[in-house]
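# Chains, contacts and geometry: an overview
One letter stands for each residue in the lines below.
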Amino acid sequence: MNDGARPAAAAAQGGFGYWVSEEQLAAFGRLSALDRLRWLDEARRFTLLAETPATRERRARLRRGETIAL
Amino acid sequence: MNLLGVPRLTMDVDLVLALDDANLDGFLAVTRELGLKPSIPVAIESLKDPAARREWMERRNMIAFPLVSADPAAPTVDVLISHPLDFEAAFARRERRRVADIEVDVASIADMIALKQETGRRQDRDDVEHLRRLKP
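Here the structure is a predicted model, which is why all the values come from computation and not from measurement.

This brings us to a negative patch on the surface. Taken together, the side chains of Asp20, Asp21, Asp86 and Glu88 of chain B define an acidic patch exposed on the protein surface. Position of Asp20 of chain B among the secondary structure elements: in the loop between strand S1 (12–15) and helix H1 (21–34).

Take a look at the structure:
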């Protein structure tokens, strides 16, 4: 499915992992709700600016819970 | 995630809506105002049709109805059509955040964990881990 609809993930574990340290969580927790959303929107817009067709496809695969391993 | 306190990049806004006609009529009016349209080839009004939602879930394995703007930089808005929450109970447990002059309702940490626990996506598993680390 390539139309942007999010399916339930396949049984195989896919997607991406991440880790936020205690210090980063504490620092983010001190931001106002508006500043948290500003941070998110800037990061999102930067990602879009740097995106290529290949990275867009990888991002879509990860969002669907698939892997991008070759 | 971000409003609850976890810095986590996402390109989407997920919404859990009461799926009654009156609420969906109000929601559809807002989508028209914002110029949001489905990225799947169906009429946005079909979101109101329980049989159509069931068909999307059962035949297309869909869990979210995606809405996009004509502005390519705008985030996708995903309306969750399949989730484990009892809406009324979750709405009663919601948390409220003030963003500038706007009150925004977000799911409670417990409900966010319930939403993300069984998806099978690694990022949701990590989201659950980070939500559990948040200080009350």
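It is worth spelling out the side chain of Ser46 of chain B at this point. All names here are of chain B. With respect to the helices, strands and loops of the structure, Ser46 is situated in the loop between strand S2 (37–38) and helix H2 (50–59). Since its relative accessible area comes to 17%, Ser46 is described here as buried. In terms of polar contacts, Ser46 uses its side chain to reach the backbone carbonyl oxygen of Ala43, at 2.4 Å. In this structure, Ser46 is in contact with Ala52 and Trp56, ignoring residues within four places of it in sequence.

This brings us to the pattern of salt bridges. Pairs can form between side chains of opposite charge whenever their charged atoms are close. Summed over the entire model, instances satisfying the criterion amount to 23 salt bridges over all chains. Here Arg61 of chain A ties to Glu66 of chain A by a salt bridge, and the two come within 3.4 Å at their closest N and O atoms. A relative accessible area of 26% means that Glu66 of chain A is categorised as partly exposed. When the shortest N-O distance is used, the salt bridge between Arg93 of chain B and Asp111 of chain B registers 2.9 Å. Of this pair, Arg93 of chain B sits in helix H3 (residues 87–93) while Asp111 of chain B sits in helix H4 (residues 109–116); the two residues are 18 residues apart in sequence, bridging distant segments of the chain. A residue is classified by how much of its surface remains accessible, and Arg93 of chain B, at 42% relative accessible area, is partly exposed. Residues joined by salt bridges that share partners form a network here, namely Arg8, Lys116, Arg121, Asp124 and Asp127 of chain B.

The next subject is the pairing of strand S3 (residues 62–68) of chain B. Residues and elements named next belong to chain B. Burial analysis of S3 places 6 of its 7 residues in the buried class, the great majority of the element. Here S2 pairs with S3 via 2 bridges, running antiparallel. Across the sheet, Pro38 pairs through a bridge with Leu67, a residue of S3. In this structure, S3 lies alongside strand S4 (residues 76–80), joined through 4 bridges in antiparallel fashion. Bridge pairing links Leu67 to Val77 in S4.

It is worth spelling out the packing of aromatic side chains at this point. Residues and elements named next belong to chain A. Summed over all chains, the structure comprises 3 aromatic pairs over all chains. Arranged with centres 5.5 Å apart and planes meeting at 75°, the rings of Phe28 and Trp39 form a pair that is edge-to-face. Taken together, the residues Phe28 in helix H1 (residues 22–29) and Trp39 in helix H2 (residues 33–49) connect sequence positions 11 residues apart. Looking at Phe28, the relative accessible area reads 5%, which means it is buried. Its relative accessible area of 34% is what places Trp39 among the partly exposed residues.

Rules and cut-offs
Residues numbered from 1 in each chain as written. Chains lettered and ligands numbered in written order. Predicted model: local features only at pLDDT ≥ 70, side-chain atom pairs only at ≥ 80, totals over all residues. Heavy atoms only, no water. Patch = residues over 30% accessible without salt bridge, like charges linked within 9 Å, V, L, I, M, F, W, Y side chains within 5 Å. Areas by Shrake-Rupley, 256 points an atom, 1.4 Å probe, with all protein chains shown as cover. Salt bridge = Lys/Arg side-chain N within 4 Å of Asp/Glu carboxyl O. Lys, Arg positive; Asp, Glu negative; His and termini not counted. Charge placed at Lys NZ, Arg CZ, Asp CG, Glu CD. Helix = DSSP H or I, 4+ residues; strand = E, 2+ residues; numbered from the N terminus. Buried < 20%, exposed > 50% of the residue type's maximum accessible area, 1.4 Å probe, protein only. Polar contact = N/O pair within 3.5 Å; in protein donor to acceptor, adjacent residues only side chain to side chain. Contact = heavy atoms within 4.5 Å. Pairing = 2+ DSSP bridges. Phe/Tyr/Trp six-rings, centres within 6.5 Å; stacked < 30°, edge-to-face > 60°.

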